[in-house]
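An overview of the molecular structure
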Amino acid sequence: MAYQPAAEAVRPLRVGVTGIGIMGSNHARVLSQLPGAELVAVADPDRAQAERVAGFLGCGAVTDHRALLDLGLDAVIVAAPTHLHHPIALDVIASGTSVLVEKPVASTVAEGREIVAAADRRKVTLMIGHVERFNPAVQAVKDAIAGEELLSIAITRVGPFPPRMSNVGVVIDLAVHDIDLIRWFTGSDIVEVQPQTSSAMAEREDIALLQFRTASGVLAHINTNWLTPFKARTVHVATRKKYVIGDLLTRQVTECFDYRPDGSYSMRHLPVAYAEPLRAELEQFLSAVRTGRPPAVTGDEGVASLEIAISCLTGRSEGSFRSADLRRATG
Ligand SMILES: NC(=O)c1ccc[n+]([C@@H]2O[C@H](COP(=O)([O-])OP(=O)(O)OC[C@H]3O[C@@H](n4cnc5c(N)ncnc54)[C@H](O)[C@@H]3O)[C@@H](O)[C@H]2O)c1
């Protein structure tokens, strides 16, 4: 007789999204197409925006996350502006509902830690939306460097000013993605930070050149800004035996290896799967909600990356310093 999964195991998870701007609309679109999810409703104080997205996707529309929770959900995606992640995530968790909080987890390390502690106490799944980990080109780089002795990582994430300026600069908005990647690629904490930032056009920093050293001894560099007329996202990783180059936009990943004394070497393009990163992220989140297993990006990891990002601002031009100083700087 064929195996019949229990009804509960196949029931789609009831999910809502709060904050239906650029990122929240993308979450809602992907969730509406995921077999394991039922997009119940979206929430935004901009009622017209919530209703427009809901009408398009065929779900309900409400104007705040409390009304969303009243609908009885298994999980909520928080894609409201970053300064609202903390109060909204705490309400969602208090209702016993699992939550995916967009990156960065919160505005401050203390708020981020409160979110993590609340989720631990309430025993709900908390995942942070570091979606770049689910980019297949990033996965291909990670696979290519597995088991290699890593020496350095250089990441470029530049582009024009975003259409709507949020109240954070490039370090908290963009570099936090790459701080997460550096920690993930190396499996190690960042213990030294040497930041250079400046505000050429905006009130907050719009250019940052950040250097790091991990506990495992890897050197890393992030070049990010909102002053480049085109978007570029590249990752270069030097290992003892290989040099791996990933273009995160074209999703082309190349490795150079087999260096010979005459200066010649071999080069090959690596296979990169096709997948929408946000879909892969949401599938992982829903799987963690269903199984109770730790999510792909934990709350602690989100807080650790935020802590380093904030230290790049508070520790500006102070030279290098150790993790104990980072803790003092970010409180
Ligand atoms: N993972 C990524 O790559 C990525 C990319 C972009 C943005 N983000 C994150 O997503 C979040 C939202 O960014 P965005 O670019 O979509 O911003 P956005 O300004 O486009 O959208 C924010 C939405 O939240 C709504 N909102 C305001 N107050 C609210 C409240 N109390 N409850 C619910 N909704 C509320 C606004 O009306 C707006 O529609 C930020 O935390 C940002 O860092 C992540």
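Residues numbered from 1 in each chain as written. Predicted model: local features only at pLDDT ≥ 70, side-chain atom pairs only at ≥ 80, totals over all residues.

Per the domain assignment, the segments of the protein chain are domain 1 (7-131 + 279-294) and domain 2 (133-275 + 307-330). Here the C-alpha centre of domain 2 lies 28 Å away from the C-alpha centre of domain 1. Domain 1 puts 11 residues into the contact, and the matching count from domain 2 is 14 residues. At 3 residues, helix 9 (residues 277-291) tops the list of elements feeding residues into the side of domain 1 that touches domain 2. When its residues are assigned to classes, the side of domain 1 that touches domain 2 shows 5 nonpolar, 3 polar and 3 charged. (Domains from an automatic or database assignment. Contact = placed C-beta atoms within 7 Å. Helix = DSSP H or I, 4+ residues; strand = E, 2+ residues; numbered from the N terminus. Nonpolar A, V, L, I, M, F, W, Y, C, P; charged D, E, K, R; others polar.)

The α-helix advances 3.6 residues per turn, and as a result positions three or four apart in sequence lie on the same side. Within the span of helix 3 (residues 47-57), buried status applies to A50, V53 and A54. The buried residues of helix 3 occupy an angular sector of 100 degrees when the element is viewed end-on, so they sit on one face. Turned more than 90 degrees away from the buried face of helix 3, the exposed residues are A48, G55 and F56. Buried residues along helix 3 sit in contact with helix 2 (22-33), strand 2 (37-43) and strand 3 (60-62). (Buried ≥ 20, exposed ≤ 12 C-beta atoms within 10 Å, placed from the backbone. Arc of directions from axis to C-beta.)

This next bit is on the site of the ligand. Not every one of the 24 residues close to the ligand is listed here, only the nearest: G19, G21, M23, A80 and E102. With 3 residues, the top contributor of residues to the shell around the ligand is helix 2. (Near = placed C-beta within 6 Å.)

Take the sheet that holds strand 2 next. With respect to topology, 6 strands assemble into an open sheet ordered 3-2-1-4-5-6, the strand pairing being parallel. Unpaired on one side and paired on the other, strand 3 and strand 6 (126-129) mark the two borders of the sheet. The sheet shows a mean angle of 25 degrees between the axes of neighbouring strands, direction not considered. Looking at chain direction, strand 1 (residues 13-18) and strand 4 (residues 75-78) are connected through 4 bridges and run parallel. Considered in strand 4, the bridge of V15 is made with A75. (Pairing = 2+ DSSP bridges. Axes fitted to C-alpha atoms, helices over the stretch in contact; angles between N-to-C directions.)

Here we have 8 strands laid out as an open sheet, ordered 8-9-10-7-11-12-13-14, and mixed in their pairing. Whereas interior strands pair on both sides, the edge strands pair on one side only; in this sheet they are strand 8 (190-198) and strand 14 (266-270). Within this sheet the neighbouring strands show an average axis-to-axis angle of 10 degrees, counted without direction. Bridge analysis of strand 7 (residues 150-158) against strand 11 (residues 232-239) gives 8 bridges, and the strand direction is antiparallel. Bridging from a neighbouring strand, I153 pairs with V237 of strand 11.

Among the 5 residues that make up strand 14, 0 are buried, leaving the element largely open to the surroundings. Pairing analysis gives 5 bridges linking strand 13 (residues 252-257) to strand 14, with the strands arranged antiparallel. Paired with C256 across the strands is M267, a residue of strand 14.

Quick look at the nonpolar core now. Residues V42, V78, V99, A175 and A309 are the most contacted members of the largest nonpolar core, which totals 91 residues. In terms of residues, this core owes the most to one element, helix 8 (residues 170-186), which gives 10 residues. Each of domain 1 (7-131 + 279-294) and domain 2 (133-275 + 307-330) gives at least three residues to this core. Beyond its immediate stretch of four places on either side in the chain, A175 contacts V170, A208, L210, I222, T224, A309 and C312. (Core = buried A, V, L, I, M, F, W, Y, C linked by C-beta atoms within 7 Å.)

We now examine the confidence of the model for the protein chain. Scored by pLDDT, the protein chain has a mean of 92; 92% of the residues are at 70 or more. Ignoring residues within four places in sequence, the model shows residues 1-5, a span with pLDDT below 50, making 1 contact including any to other chains. Segment residues 316-331: pLDDT under 50, and 27 contacts once partners within four positions in sequence are set aside and those in other chains are kept. (pLDDT = per-residue confidence, 0-100.)

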